[in-house]
Amino acid sequence: MIELLTGMLTTAVIAGGVLALAGMGELLTERVGVFNLGLEGLMSLGAVGAVIVVNAGYSPAAAVAVVMALGLVLGAIFALGTVALRADQVLCGIALTFLGVGFAAWIGRPYSGQIVHTQFAPIAIPFLSDLPIIGKAFFQQNILVYFGYVALPLLVHLLFFHTRHGINLRAVGENPAAADAAGVSVQMIRFGYVMVGSALAACAGAYLTLAFVPAWTEGLVAGRGWIALGLVTFANFMPLQVTLGAILFGTLSSFGFAAQANGWPVPSVVFTIMPYVGTVAFLFIRALSQRGSHRLIMGPAALGHPYFRDER
Amino acid sequence: MTAISSDKLMPSPPAKRWRLHRLPNVDRKRRMIAYGLSLLIWFILVGAGLALASFPVKDIAIRSISATLGSSYGLQQTLTLAAPLILTGAAVAVAMRIGIWNIGGEGQFYFGAWAAAGVGLFLPEGPAWFMLTLMAAAAAIAGAIWIVIPAVGRAYLGISEIITTLLLSFVASFLVYYLAAGPWRDPVVPTQAATARIVYELPALDDGAHLGILIALGAVAVLGLFLNYSKWGYEVIIAGANRDVAVYAGIPIRRRIIEVMLISGLLAGLAGMIELTGVVHRLQGGISNQYGALGIPIAAVAGGSLTGVAIVAGFFAILLNIGVSLQTQGLSVHSVLGITGLLLFIIAAAEAAARFSFRRVATS
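So, how was this worked out
Residues numbered from 1 in each chain as written. Chains lettered and ligands numbered in written order. Predicted model: local features only at pLDDT ≥ 70, side-chain atom pairs only at ≥ 80, totals over all residues. Helix = DSSP H or I, 4+ residues; strand = E, 2+ residues; numbered from the N terminus. Buried ≥ 20, exposed ≤ 12 C-beta atoms within 10 Å, placed from the backbone. Contact = placed C-beta atoms within 7 Å. Nonpolar A, V, L, I, M, F, W, Y, C, P; charged D, E, K, R; others polar. Expected span 1.5 Å × (residues − 1). Bend = angle between axes of the 7 residues up to and from the residue. Axes fitted to C-alpha atoms, helices over the stretch in contact; angles between N-to-C directions. Parallel < 35°, antiparallel > 145°, perpendicular 65-115°, else oblique. pLDDT = per-residue confidence, 0-100.

1. So, the overall build of chain B
Here comes step 1: Looking only at helices and strands, one finds 15 helices and two strands in chain B.
Here comes step 2: Overall, chain B is about 105 × 60 × 35 Å in size when its C-alpha atoms are taken along their principal axes.
Here comes step 3: Counting all 364 residues of chain B, 48% fall into the buried class.
Here comes step 4: Residue pairs in contact within chain B that sit at least 24 positions apart in sequence constitute 79% of those at least 6 positions apart.

Written out as structure tokens, the structure reads:
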């Protein structure tokens, strides 16, 4: 029983790490008022890019750096359309998903099924990693897990709620006209955070192949980008809640592990569809529980709306 | 001397400079120019990309034309590919009318194909026309059922239909894959991960394409008439264009949203039945061939117009056909998706760029 719980929790944490990274990237983007539906494509390219770099003989850290740089470039292209030209964010996002998924499948063909040469090694934290059940799950993971679950959310939380710049960037997402009048450069902030968010999404893709599944196959991302999009809404657009939600969503993936370990007589498809069905269910639960309250339900007020100075 | 005096009489006009200006509306001409330019840029980028990856671009271009339009076989193939694309494109376009994004056409397609296959495989035998009608009805209802949860969530709880429709398509595709490779697997040829062959087939037209193209065009024509010439269609457009006006006019917005989304799912489901009975004849994983996903760029490029959808779907069918003929050269169907994504991005950007215009204005 203890073994099963340890295994499930470890799987949940690792599976959730992808969502923690991608979700945080999307949170940064959505908080400044831009909807990036291209997560799935960015993650696909990140995943395949990381395999290519590592299998060319470089270290996983170098792969993450390369992939994040790629994410910045793709984010800049996406921002050129959505922020600078103010094109339809939904269309551009879907286009980015198609582009990323399609291109990743194409350049990844020679690497399909190849084992990744080096993955990130787990780092055990002294004493804590010896704790029963949670020790192995939380304190004996690789560096990307610690970054995605601890460093990144704390950083974003501090940035959002304890700095002047954080107030500015939230204002850009809520009321860009007011932010503009106060002297905040709406377009610059949007452009910048779309790039950073895309880099994090690409990093989540690298996480998939460098810390989770040790090989690239076509369709590896399998909708995790869309689950991360659901996660941001589920988490009320709050950084620490995104992280907690990531573990919860990761748990949905860990039932398959438990079933395999125990030989439960349930067809595996039930566990395959669980993350998707679960995400939809969580969105409904959240919406139902918040009916009539005045919380931040629909997200930042300017989310999805391009900003035009002359239309104030 | 004269110059100075004339200067005094007529002061030089104030300095002018070019300024970027945003147009409130884009007229037809500007739109067409933007589309033409996007296509041109796209062709150049794709050509350059293929050339960089050392594909014989000229060969491909010549072969593509003969493979799609140059031969009667190519034309048949194009029409066959266009049938489901028209329906999935219309599914996205009709939802766009009320400001809804049904990007889960893939899932409704799978679920429709699944229902049609169930009718074809497990109901007692009947006359072909009757069974085909029954299969079409089952597929349409199944497609609509698959969108009920996103529709209710959108209309009553404000849950983003973009996320829910897409997540449910993953569910549908996994379920179909499981059924086709597991419980419904063909007992005669068990090596194949597909169901037994379904005996009811859509009748072929004279030129080899099947009846699906006519069904698709008919469905879209009926829907277009309904949307453009009925009170219901008018209410849908108002509800999509300006919610406040719609509320003021007493239009039941939530009801219209649900109705439109159900119709959208129904169309995508019907596409699944057409592909099943017209081309594949067995339920199998991957049967949607990304038709559901391609409905999005088709509707977007058509600007939500149903006539446009029929034309653009034809264009995409040609593209897909080229993609199929390129598969022998190492380009996968997924590359076609990537190339489509590029087109979608360029068109979205061009549509936005068409709103900007340079005007000479006086500096104050």
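2. Description of the interface of chain B and chain A
Here comes step 1: Listed by partner, the interface residues are 38 residues for chain B and 40 residues for chain A.
Here comes step 2: Looking at the side of chain B that touches chain A, the elements that each hand over two or more residues are helix 7 (148-157), helix 8 (161-181), helix 13 (291-301) and helix 15 (333-353) of chain B.
Here comes step 3: Looking at the side of chain B that touches chain A residue by residue, the class counts come to 26 nonpolar, 10 polar and two charged.

3. What to know about helix 3 (residues 60-84) of chain A
Residue and element names in this part refer to chain A.
Here comes step 1: When the terminal C-alpha atoms of helix 3 are compared, their 34 Å separation across 25 residues agrees well with the 36 Å that a helix rising 1.5 Å per residue should span.
Here comes step 2: At F78, helix 3 shows its maximal kink, close to 30°.
Here comes step 3: Taken from the residues just after helix 3, R86 is the one with a positive phi, measuring 60°.

4. Considering unusual backbone geometry
Here comes step 1: You will see that N236 of chain A, though not glycine, has its phi angle at about 55°, which is positive.
Here comes step 2: Looking at where N236 of chain A falls in the secondary structure, it is placed in the loop between helix 10 (224-234) and helix 11 (239-262).
Here comes step 3: The exposure class of N236 of chain A is partly exposed, given the 15 C-beta atoms found within 10 Å.
Here comes step 4: Phi at Q290 of chain B is positive, roughly 65°, even though this residue is not glycine.

5. Focus: the packing of helix 6 (residues 143-162) of chain A against helix 11 of chain A
Residues and elements named next belong to chain A.
Here comes step 1: Two elements in contact, helix 6 and helix 11, have axes separated by 8 Å at closest approach and are oriented at 155°. If you check the angle between helix 6 and helix 11, you find them roughly antiparallel. Counting all contacts with helix 6, which are made through Y149, P153, V156, H157 and F160, the residues of helix 11 involved are P239, L240, V242 and T243.
Here comes step 2: Looking at the contact of helix 6 with helix 11 residue by residue, the classes come out as seven nonpolar, two polar and no charged.

6. Quick look at helix 6 (residues 128-145) of chain B
Residues and elements named next belong to chain B.
Here comes step 1: Its 18 residues give helix 6 an end-to-end C-alpha distance of 25 Å, which sits within 8% of 26 Å, the value for a rise of 1.5 Å per residue.
Here comes step 2: M131, L132, M135, A136, A138, A139, A140, A142, G143 and A144 are the residues of helix 6 that are buried.
Here comes step 3: Here the buried face of helix 6 lies against helix 5 (105-122) and helix 12 (253-280).

7. With respect to the confidence of the model for chain B
Here comes step 1: Looking at chain B as a whole, its pLDDT mean stands at 87, while 91% of the residues score no less than 70.
Here comes step 2: What the predictor reports for the complex is a pTM of 0.91 with an ipTM of 0.91.

8. Description of the environment of A115 of chain B
Here comes step 1: Mapped onto the fold, A115 of chain B is located in helix 5.
Here comes step 2: Ignoring anything within four residues of it in the chain, the contact list for A115 of chain B reads A138, A139 and A142 of chain B.

9. So, the environment of G173 of chain A
Residues and elements named next belong to chain A.
Here comes step 1: Counting through the fold element by element, G173 comes out in helix 7 (residues 164-174).
Here comes step 2: According to the C-beta neighbour criterion, G173 is buried, with 26 such atoms within 10 Å.
Here comes step 3: For the pair G173 and R286, spaced 113 residues apart in sequence, the C-alpha separation works out to 22 Å.
Here comes step 4: When near neighbours in sequence (up to four residues on either side) are disregarded, G173 contacts R31, V32, G33, P300, A302 and L303.

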